[in-house]
Amino acid sequence: MNRDDSPRETLFTEEGLTLPLPEEGEEDMKKHFVRDLVPNARVTSVFAVKSKSLASFRNKPGQYMNLVLCDRTGEIKGRVWDRAEELAAGFEVGDVVLASGRVEEYQGTLQFVLSEVVLAPEGTYDPAELIARSGKSPDELLEGLDAAVAQVTQPYLRALLDSFVTDEDFRRNFAWAPGSKTLHHSYAGGLLEHTLSVVALLNTAADMHPELDRDLLITGGLLHDLGKMRELGGAITVDYTDLGRFVGHTVLTDRWVGEKIAQIDGFPTELANLLTHMLLSHHGERDWGAPVVPSTMEACALHFADNLDAQVQGFKQVIQRGERTGGWSEYHPLYQRAIYRGRPSEPGDEAVVPAEDA
């Protein structure tokens, strides 16, 4: 653990912030992105606060602060060893802070040892630099949504989908909503990106198994996670809403879709039951939050398509975060394993071509 207690000059801004001036050669107040941080760099930059907690020192009185700071390129763990309680009182999870300190490598992982963390006044940062978002634009995602809806020909299912996708507020929110808080597609646009991937997998399943009801599959795939639009919120970082914590997205989805079905005259009871079963069982197991387990072919297909896309994307995000400097990620408690990230190629790694093939 490196500590730098040497006095440094400070910068006083019109907003009243007092932070250490950058070291010689460091660019003054430039936005430093997480993906570009390297060991031993001194950094003063803005970040969003993803988590914050205080913990007691083992061998001396007082507390230190654990943080996770993030921007649109990733996240990094932060530590505050001095004045932790004082600094922690100045900001909350979800706030944007101006942070100053040194990047260190500890047990193969980068961490940001901070000397100052203060609330960044609005207007002093660009939110677009802090909000992680899908690599696909909202327009591209909405085009995919419309194309998927156009595949459905069953009149009642099509009317149900149209009741959602013709609402401009719904379209805007769907195109920007995150897919989860942290595990997969946890960025703006992630929910619709995940939804379209699930529909693509379901279309493949229907090609391979013609017995499946394609219209029901697509409808279930498009609607299965809508409740996340009410479960999750936050302007910069993603967190659960009160309603999301109380109820959860599976029940919120069921309520929302049920309200729409009730407004469509003559919607067949059997069809409503089949769709409702898909939505309620898409997590697959009661231990995973499903009120019921899949009992139809379509519900089975939806569960595995949803889980496949979520798991692969979850692995992908662990790899992209670069939580370790070597070839493996840190141990991930959800997956109960470290994940192989691959190693950078080095000179001499090139494949040897046999002489007869050269």
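See the structure above.
Sequence order as written defines residue numbering, which begins from 1 separately in each chain. Whole-chain, interface and lining totals are the exception, using all residues; otherwise, since this is a predicted model, local features are given only for residues with pLDDT of at least 70 and side-chain atom pairs are given and counted only at 80 or more. Remark: hydrogens and water are excluded; side-chain values derive from all non-hydrogen atoms of the structure.

Draft legend 1. Region of interest: the overall build of the chain. Assigned secondary structure in the chain consists of 11 helices and nine strands. Under the scheme applied here, a residue whose accessible area is under 20% of the maximum for its type counts as buried, over 50% as exposed, and between as partly exposed, the area being computed with a 1.4 Å probe on protein chains only. Out of the 358 residues in the chain, the part that is buried amounts to 46%. Method for areas: the Shrake-Rupley scheme with a 1.4 Å probe, in which residue coverage is limited to the protein chains shown. When the accessible surface of the chain is summed, it comes to about 18900 Å², and 50% of that surface belongs to carbon and sulfur atoms. Here a helix means four or more residues in a row that DSSP labels H or I, a strand means two or more in a row labelled E, and each is numbered from the N terminus.

Draft legend 2. Structural detail: the pattern of salt bridges. Salt bridges, as used here, are contacts in which a Lys or Arg side-chain nitrogen is within 4 Å of a carboxyl oxygen on Asp or Glu. Enumeration according to the criterion identifies 12 salt bridges in this entry. Linking Asp71 and Lys31 is a salt bridge whose minimum nitrogen-to-oxygen distance equals 3.0 Å. Of the two residues, Asp71 sits in strand β4 (residues 63–71) while Lys31 sits in the loop between β2 (18–20) and β3 (42–56), which places them 40 residues apart along the sequence. Notably, a salt bridge pairs Arg83 with Glu116, separated by 3.2 Å at the nearest N-O pair. Taken together, the residues span a long stretch of sequence, with Arg83 in the loop between β5 (74–80) and α1 (84–88) and Glu116 in strand β7 (residues 109–119) at a distance of 33 residues. Relative accessible area serves as the criterion here: at 15%, Glu116 is assigned to the buried category. Taken together, the shared-partner salt bridges in this structure form one network comprising Arg83, Glu86 and Glu116.

Draft legend 3. Broad picture of helix α9 (residues 249–262). Compared with an ideal rise of 1.5 Å per residue, which puts 14 residues at 20 Å, α9 spans 20 Å between its outermost C-alpha atoms and is within 8% of the ideal. Among the residues of α9, those classed as buried are His249, Thr250, Leu252, Thr253, Trp256, Val257, Lys260 and Ile261. The arc that holds the buried residues of α9, viewed along the axis, is 165°, so those residues lie on one side. Multiply 1.5 Å by the residue count of a helix minus one, and that product is the helix's expected span. Here, the arc refers to the directions that run from the helix axis to the C-beta atoms.

Draft legend 4. Geometry of the sheet that holds β7. Paired strands, as defined in this entry, are two strands with at least two bridges between them according to DSSP. Pairing is mixed in the closed barrel, where five strands are placed in the order β3-β4-β5-β7-β6. Neighbouring strand axes in the sheet, compared pairwise and without regard to direction, differ in orientation by 50° on average. Only the stretch in contact is used when a helix axis is fitted, and all axes are lines through C-alpha atoms; the angle between N-to-C directions ranges over 0 to 180 degrees.

Draft legend 5. Spotlight on the environment of Glu75. Structurally, Glu75 is set in strand β5. Residues Glu75 and Phe33, 42 residues apart in the sequence, show an inter-C-alpha distance of 9.2 Å. In protein, a polar contact requires one atom able to donate a hydrogen and another able to accept it; more generally it is a pair of N or O atoms within 3.5 Å, and residues adjacent in sequence count only if both atoms are side-chain atoms. A polar atom in the side chain of Glu75 sits 2.6 Å from the side chain of Lys50.

Draft legend 6. Quick look at the packing of helix α6 (residues 214–223) against helix α10 (residues 269–281). Look at α6 against α10: their axes get within 9 Å of each other, and the N-to-C directions meet at 45°. Compared by their axis directions, α6 and α10 come out oblique. In this structure, α6 crosses over α10, and the sense of that crossing is right-handed. Contact residues: α6 offers Leu216, Leu217, Thr219, Gly220 and Leu223, while α10 offers Leu271, Leu274, Leu275, Met278 and Leu279. Put simply, Ala, Val, Leu, Ile, Met, Phe, Trp, Tyr, Cys and Pro go in the nonpolar bin, Asp, Glu, Lys and Arg in the charged bin, and everything else, Gly too, in the polar bin. Taken together, the residues of the contact of α6 with α10 break down into eight nonpolar, two polar and no charged. Roughly parallel means an angle under 35 degrees; roughly antiparallel, over 145; roughly perpendicular, 65 to 115; everything else is oblique. Each crossing gets its hand from how the near helix is turned against the far one by less than a right angle, where anticlockwise is left-handed and clockwise is right-handed. Only heavy atoms matter for contacts: two residues are in contact if any of them lie within 4.5 Å across the pair.

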